[in-house]
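Observations on the three-dimensional arrangement
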Amino acid sequence: DIYSRYKRLKGFNVLHPMGYDSFGLPAEQYALETGQHPSVTTEKNIATFRSQLDKIGFSYDWEREVRTSESGYYRWTQWIFLQIFDSWFNRISNKAERITVLVKIFEAEGNSNHFCPGEKGQQFSAAQWHSLDEKGKQEILMDYRLTFSAYGEVNWCEALGTVLANDEVINGVSERGGHLVEKKKMRQWYLRITEYADRLLEGLERIEFSDAMKEMQKNWIGKSQGAEMDFAIKNHPTPLRVYTTRPDTIFGVDFMVVAPEHELVSKITSADQKEEIEKYLTYVKSRSERERLAEVKQITGCFTGAYAINPFDGREIPIWIAEYVLAGYGTGAIMGVPCGDQRDFGFAQHFNIPITNIIGDHFTGAEANATKEAILQHAGFLNGLLMKDAIHVAINKIESLGIGKRKVNFRMRDAGFSRQRYWGEPFPIIWSDGIALPLDAKELPLELPHVDTYGPGPDGEGPLANITDWVNLPNKAKRETSTMPGYAGSSWYFLRYMDPTNEQVFCDRKASDYWGQVDIYIGGTEHAVGHLLYSRMWTKILFDLGYIGHDEPFKKLLNQGMIQGSSRFVYRVRNTHIFLSSNRMGGTISEDEKLITGLASLSNEVDRIHVDVNMVDGVELNIAEFRKWKNGEYASAQFILEDGKYICGVETEKMSKSKYNTVNPDVLVDKFGADTFRMYEMFLGPVEQSKPWDSKGIEGVHRFLRKLWRLFYDDLKGKVWIEDKPTDAEMKVLHRTIKKIEEDTERFSFNTAVSTFMICVNELAELKCHKKEVLEPLLLLLSPYAPHISEELCSLLGSTVSPSLGSMDGAIYPVFNPALLVESSKEYPVSINGKVRTNIVIALDATQAIVEEIILQNEVIQKWLEGKAPKKIIYVKNKMVNVVM
RNA sequence: ACUCGGGUGGUGGAAUUGGUAGACACGCAGGACUUAAAAUCCUGUUCGCUGUAAGGCGAGUGACGGUUCAAUUCCGUUCCCGAGUACCA
């Protein structure tokens, strides 16, 4: 708001909108907790939010407000979904094209020039295409569509009969109720974002995101060059396909690791390993992906009893399964090279697998060495080659033998696009005989039907599945019952702001061409690998299809830090309703407590659960309120206390509804006013930096604003401002401030800008300057930061300009005059090799050459130098001179 | 665990390009005004040693090491905190 007010004062036409991304899990959860329909609570919360925003004095253009959960908006989210559904990615032209174009290609030449990106990767000729029935054709087209339906894993909670978000799962059990959660395959919708991986990488070079943000996106996309190759399996017909970026280490392979979910596991497991493998699979099933990757210190795995054959030296290589290998990445199988990879090394050591060394002295036996600079030894046809050269030699050999090929791999996976939830956009899709049929654009919006209960549907389907007369259509056709994820509506909202009420198109091309990219987008790094990738992808698709004229949505991104909250936790003993006070964990249990709770000891595993900070006084939990919380979900809770109190755990983290650690600005705004609140929030620290919310310094900013007021009005004397001509000293204060505030605001350094205002007002107070000619420009400078007081004082001064209205016709921002700052000369400290020796007078506009001459002619300095010629003379403008001997 | 940030007085932070570390503010201490309070104003406030005083000496930007005449800033190692890790968005 400060920046847009500033730009308006500078004469720009600023689009500064606000809206509500009101679909999604938090709104649905809140509805479940309070027993109200999400549309009601959303409406209420938006009203609260709006009144809070108004209180803080935001200058949003409310004519352009959007709400993603309103049919007038989500109609176009559905429409864009249909456009994406009707598109495929042509890898030759490197852009999205219509499905009709693809069908024409298939009819003419099959898919020989357009490799199938779908899982099956099938190949067919034109004749084969023609021979397929409609269902067969649609199945193939589904493998090309940029939104597609396929089977994927979800967090399934049998006890709740529902799919859970990762956020709702803690340590493998549901947060609600503490029930077991497992992986389950279900039909899902996906966004084929992998097809855009290269474009998303390339586009980063044309936009102003921070290097950190670009790096996060690059790493997430994770492009790697390597090879895919097949290893024959002893006594088994199907080969094992692995992906590796280091084919040069092929002679150092000592074991294979396959993802536990890999389809070969059940087929190759030997009879005597069967029992152990099954035990391990049950263990893995209960673990989240993050846990599987995270706990590397604790190495787990299980031998399948099968062996792969190294095609180059015929060695038999044991095949293991282990949780650190994920089915979704690469081929779901890796080759273990313990001498070159630390994780493989740890695995080999842990399971006593003998290690082959192919890099000589580079491998010490104590840890792996991932170098590419070693000369290969004991490595067959690669012997004597430098590893980085051997990579290509190895791939060529693999390709010539027909057992594998060069392959570019991406870490990024296609994005899951459906949720088994109620509060989201319904898919404009009808299933008929296994074929997904899109609705016609004229039938949009497909309104989200009203329901009275939003519990899960049968077989883990979303709540919409319960509305049979909505789901079931003539001829056994059924509507899609899942809804779109929260990020659907947020992937294109910036376009809707440009043309918010248009009922003919999502955004008129004239509007999007006029406004173009978002010039400055302010958002947190938490969006790095979600929203900021999805919206970039959607923009690229809409560009490819010709609906907009730019293919990157945001020209410049500013990462504002998060205002953090102080969270409170309770600790629930796993699979119980017993809660341990934080200092009792792992301690001893009393006989009374044993009797009441039935627990034998306190060394049980606990699940950490967020509680609402408003139920906690400092760190002490209000037990009565906790029992009433979430519709009485914890009514039957039992507590193990300390000194009769329940003490909560504390942590500073992102302020978020789901963490129940939010605080409300209203109290402060009521007490100090919006201007103080705005300036204090800026004064807290740099915008890019996260900081815990703390209001204890707000008095200082409030004092500053009162001091400013007293330059105009005195409590006793009333009006004190005058129309006299300012002195040079007063004009100097003003123009130094204009310069600094302008620089600070342009570089988003709002905290130092606030300090500059404070210094300026202190100096004017000291000079007893009450002159209109100085004060009026100061109010204009201040108006983006403190609009209310600026506006009021300007009108009391009888100003001809109104800072809060800004100006579309021309700038009213004060113009900096450098002539008013000029000083003739100044005394500088001169240091020799860093030690300050003397002072010297130098003109402010002196150049480096003049400074050097002065130094060389100065007798005192020459004495210090003892006639020796200095190596270098450094003149640090406005600060000091350093002579290097 | 991995990816990306961050760590400076009692506290929030400043130092924009490697150049006098601690601007500005909070807090604290002392003082002025006041019957008193609020409000306002003034002085001091990195730490240690030293001096009657003006001052002087030394250390100091999470820790250890390196580059440099000069490092909060660059490099290496390490510790701690935060964000993200694919169904929060």
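Given the structure is predicted, the values throughout are model-derived calculations rather than measurements.

1. What about the overall build of chain A?
Check the secondary structure of chain A and you find 30 helices and 36 strands. Expressed as lengths along the three principal axes of its C-alpha atoms, the size of chain A is roughly 100 × 80 × 80 Å. Counted over contacts in chain A with a minimum sequence separation of 6, partners at least 24 positions apart contribute 69%. Entry remark: accessible area of chain A is about 42,300 Å², with carbon and sulfur atoms responsible for 51%.

2. Details of the confidence of the model for chain A
Counting all residues, the mean pLDDT for chain A is 88, and 96% of those residues have values of 70 or more. Both scores are given for the predicted complex: the pTM is 0.89, the ipTM 0.94.

3. Details of helix α5 (residues 99-109)
Regarding α5, the residues found buried are Ile99, Leu102, Ile105 and Phe106. With its buried residues spanning 110° around the axis, α5 presents them on a single face. α5 presents Thr100, Lys104 and Ala108 as exposed residues on the side facing more than 90 degrees away from its buried surface. Along its buried surface, α5 packs onto α4 (71-85), β3 (87-90), β4 (95-98), α6 (126-131) and α7 (134-142).

4. Brief notes about the pattern of salt bridges
When the charged atoms of two side chains with opposite charge come close together, those side chains can pair. As enumerated under the stated definition, the model contains 44 salt bridges in all. When the shortest N-O distance is used, the salt bridge between lysine 7 and glutamate 746 registers 3.6 Å. On the criterion of sequence distance, the pair formed by lysine 7 in helix α1 (residues 2-9) and glutamate 746 in helix α25 (residues 728-746) is long-range, its members being 739 residues apart. Among the residues examined, glutamate 746 registers a relative accessible area of 34% and is labelled partly exposed.

5. Quick notes on the sheet that holds strand β17 (residues 415-416)
To summarise the sheet geometry, strands pair through backbone hydrogen bonds and adopt either a parallel or an antiparallel arrangement. Pairing is antiparallel in the open sheet, where four strands are placed in the order β6-β5-β9-β17. If you trace the sheet from one side to the other, it starts and ends with β6 (162-164) and β17, each paired once. In this structure, strand β5 (residues 147-157) lies alongside strand β9 (residues 182-191), joined through ten bridges in antiparallel fashion. Paired with threonine 147 across the two strands is leucine 191, which belongs to β9.

6. With respect to the packing of aromatic side chains
Throughout the structure, instances matching the rule amount to 66 aromatic pairs. Between the aromatic rings of tryptophan 88 and tyrosine 144, the centroid separation amounts to 6.5 Å while the plane-to-plane angle is 75°, which identifies the pairing as edge-to-face. Of this pair, tryptophan 88 sits in strand β3 while tyrosine 144 is found in the loop between α7 and β5, placing the two residues 56 residues apart along the sequence. Using a relative accessible area of 1% as the deciding quantity, one classes tryptophan 88 as buried. Grouped by ring-pair contacts, the aromatic residues Phe81, Phe85, Trp189, Phe417, Phe427, Trp431, Tyr487, Tyr534 and Trp538 constitute a single cluster. Here the guanidinium or amino end of lysine 184 rests over the ring plane of tryptophan 156, the centre of that ring lying 3.9 Å away.

7. Structural notes on the packing of helix α24 (residues 698-712) against helix α26 (residues 750-766)
Where α24 meets α26, the closest approach of the two axes is 10 Å, and the angle between their N-to-C directions is 40°. Here α24 lies oblique to α26, going by the angle between them. With respect to the hand of their crossing, α24 and α26 are arranged in left-handed fashion. Listed contacts from α26 to Gly700, Val701, Phe704, Lys707, Leu708 and Leu711 of α24 are Phe757, Met758, Val761, Asn762, Leu764 and Ala765. Here the contact of α24 with α26 is composed, by residue class, of nine nonpolar, two polar and one charged.

8. Brief notes about the packing of α1 against α25
Relative orientation of the contacting elements α1 and α25 amounts to 125°, with a least axis distance of 10 Å. Between α1 and α25, the angle is such that the two are oblique. For the element pair α1 and α25, the recorded crossing hand is left-handed. Across from Tyr3, Tyr6 and Lys7 in α1, the residues of α25 making contact are Glu742, Thr745 and Glu746. Each residue belonging to the contact of α1 with α25 can be placed in one class, and the counts come to two nonpolar, one polar and three charged.

9. Digging into the protein's contact with RNA strand B
The environment of RNA strand B is made up of 65 residues, and the closest members are Glu215, Arg703, Arg706, Ile874 and Asn882. A share of 64% of the atoms of RNA strand B within 4 Å of the protein falls on sugar and phosphate groups. Between RNA strand B and aspartate 167, the relevant distance is 2.8 Å, taken from a phosphate oxygen to a main-chain nitrogen or oxygen of the residue. Counting residues per element, the surface near RNA strand B draws most heavily on α26, at six residues.

10. What to know about the pairing of strand β10 (residues 223-233)
Taking burial as the measure, the eleven residues of β10 include eight buried ones, the bulk of the element. Both β10 and strand β16 (residues 404-410) contribute to a ladder of seven bridges, which runs antiparallel. Counted as the bridge partner of methionine 229 is glycine 404 from β16. In terms of strand pairing, β10 meets strand β11 (residues 236-244) through six bridges, oriented antiparallel. Its bridge partner being in β11, aspartate 230 is matched across the sheet by arginine 241. Turn length for the β10-β11 hairpin, with the two strands adjacent in sequence and antiparallel, is two residues, and the turn residue asparagine 235 shows positive phi of about 60°.

11. Observations regarding unusual backbone geometry
Each neighbour pair has its own omega, and for leucine 444 with proline 445 the value is 0°, a cis peptide bond. Counting through the fold element by element, proline 445 comes out in the loop between β19 (435-438) and α15 (468-471). For lysine 476, which is not glycine, the phi torsion reads 60° and is therefore positive. Looking at the element boundaries, lysine 476 is found in the loop between α15 and β20 (478-479). Overall, lysine 476 belongs to the exposed group, its relative accessible area being 79%. Its identity as a non-glycine residue notwithstanding, tyrosine 660 has a phi of 55°, on the positive side. Along the polypeptide, tyrosine 660 turns up in the loop between β29 (649-654) and α22 (666-672).

12. Description of helix α27 (residues 772-782)
Counting buried residues along α27, ten of its eleven residues qualify, which places the element largely inside the surrounding structure. Restricting attention to buried positions, one finds in α27 the residues Lys772, Val774, Leu775, Glu776, Pro777, Leu778, Leu779, Leu780, Leu781 and Leu782. Against α1, α23 (674-683), α24, α25, α26 and α28 (787-797) lie the buried residues of α27.

13. What to know about the nonpolar core
Formed by 80 residues in total, the largest nonpolar core has its most connected members in Phe81, Trp189, Phe417, Leu495 and Phe506. Ranked by the residues each element gives to this core, the list is headed by α4, at nine residues. Excluding residues within four positions of it along the chain, phenylalanine 417 makes contact with Phe81, Trp189, Tyr190, Leu191, Phe427, Thr483, Met484, Pro485, Tyr487, Ala488 and Trp538. Grouped together as the second largest cluster of nonpolar side chains are 53 residues, Leu9, Phe672, Leu764 and Tyr785 included.

Analysis parameters
- Residue numbering note: each chain is counted from 1, following its sequence as written.
- Whichever chain is written first is A, and whichever ligand is written first is 1; the rest continue in order.
- Only residues with pLDDT of 70 or above have their local features reported here, since the model is predicted, and side-chain atom pairs are shown and tallied only from 80 upward, although totals for entire chains, interfaces and linings are computed over all residues.
- To get the side-chain values, take all heavy atoms of the structure and skip hydrogens and water.
- Runs of H or I in DSSP of at least four residues are treated as helices and runs of E of at least two as strands, each being numbered from the N terminus.
- Contacts between residues were defined by any pair of non-hydrogen atoms, one from each residue, lying within 4.5 Å.
- Accessibility throughout is a Shrake-Rupley quantity obtained with a 1.4 Å probe, and a residue counts as covered only by protein chains that appear here.
- Residue-level confidence of the predictor is what pLDDT reports, using numbers from 0 through 100.
- Any residue under 20% of the maximum accessible area for its type is buried, any over 50% is exposed, and the rest in between are partly exposed; the area is computed with a 1.4 Å probe on protein chains only.
- This arc is built from the directions going out from the helix axis to the C-beta atoms.
- Think of a salt bridge as a Lys or Arg side-chain nitrogen and an Asp or Glu carboxyl oxygen that are within 4 Å of each other.
- Pairs of strands are assigned from DSSP output, requiring at least two bridges between the strands.
- Whether two aromatic rings pair depends on their centres lying within 6.5 Å, for rings of Phe, Tyr and Trp, where Trp uses its six-membered ring; planes under 30 degrees apart make the pair stacked, over 60 edge-to-face, and the rest tilted.
- The criterion is that NZ of a Lys, or CZ of an Arg, lies within 6 Å of the ring centre and within 35 degrees of the ring normal, and then a charge sits over that ring.
- Between N-to-C directions, angles span 0 to 180 degrees; the directions come from axes that are lines fitted to C-alpha atoms, helices contributing only their stretch in contact.
- Any angle that falls under 35 degrees is termed roughly parallel, while one over 145 is termed roughly antiparallel, one within 65 to 115 roughly perpendicular, and all others oblique.
- Handedness of each helix crossing follows the sense of rotation of the near helix against the far helix: counterclockwise by less than a right angle gives left-handed, clockwise gives right-handed.
- Each residue gets one of three labels, nonpolar for Ala, Val, Leu, Ile, Met, Phe, Trp, Tyr, Cys and Pro, charged for Asp, Glu, Lys and Arg, and polar for the others, Gly among them.
- Being near a molecule or strand, for a residue, means having at least one of its heavy atoms within 4 Å of it.
- Think of a polar contact as two N or O atoms within 3.5 Å of one another; within protein, one of them needs to be a possible hydrogen donor and the other a possible acceptor, and neighboring residues in sequence only count if both atoms come from side chains.
- Residues enter a nonpolar core if they are buried and are Ala, Val, Leu, Ile, Met, Phe, Trp, Tyr or Cys, with the set joined through side-chain atoms within 4.5 Å.

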